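# Fold and geometry: a report
Chain by chain, the residues:
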Amino acid sequence: MSKIKVYDKRSELEKITKVRKGGENYVLDLQTKREFNGTLITSAGIGRGNNEKKEAELISNLFRQTGDNISVIARSGNKNMTSRYPTTDRTTWR
């Protein structure tokens, strides 16, 4: 990161009426270093545990030369689920 800015951005209605409706609307403005422009950074991970628990994650960031950045975060898994799984023969439930 080359610059980080955090500010309270007013809504369009607040700008027109000049009246704050309460609460803050914080915006995080990040500026990347030039050497990252035009690059794609991706991270992926998978895991499997006992009792048929599993987890997968993909995080991808595209930094464009124009300054418009795209981020995708995808997660899937069942590690926090409390449902019961079938036994090994899959005919009866525990």
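If you're wondering where the values come from, they're calculated on a predicted model, not measured in any experiment.

Reading the values: the criteria
- Here the residue numbering is sequential within each chain, running from 1 through the sequence in written order.
- Per-residue local features are limited, in this predicted model, to residues with pLDDT of at least 70; the limit for side-chain atom pairs, both in listing and counting, is 80 or more; totals at the level of whole chains, interfaces and linings are taken over all residues.
- Side-chain figures throughout are based on the complete set of non-hydrogen atoms in the structure, without hydrogens or water.
- A run of H or I in DSSP counts as a helix once it spans at least four residues, and a run of E counts as a strand once it spans at least two, with each numbered from the N terminus.
- Burial classification: accessible surface area is computed with a 1.4 Å probe over protein chains only, and a residue below 20% of its type maximum counts as buried, one above 50% as exposed, and the rest as partly exposed.
- We call two residues in contact when some of their heavy atoms are within 4.5 Å.

### Some remarks on the overall build of the protein chain
Scanning the protein chain from N- to C-terminus turns up one helix and five strands. Across the protein chain, helices and strands are ordered from the amino to the carboxyl terminus as β-α-β-β-β-β. Relative to its full complement of 94 residues, the protein chain shows a buried share of 10%. When contacts within the protein chain are restricted to residue pairs at least 6 apart in sequence, long-range pairs at least 24 apart make up 31% of them.

### Comments concerning the environment of L28
Among the structural elements, L28 can be located in strand β2 (residues 26-31). C-alpha separation for the pair L28 and K9, spaced 19 residues apart in sequence, amounts to 9.9 Å. Discounting chain neighbours no more than four positions away, the residues touching L28 are I4, K5 and V6.

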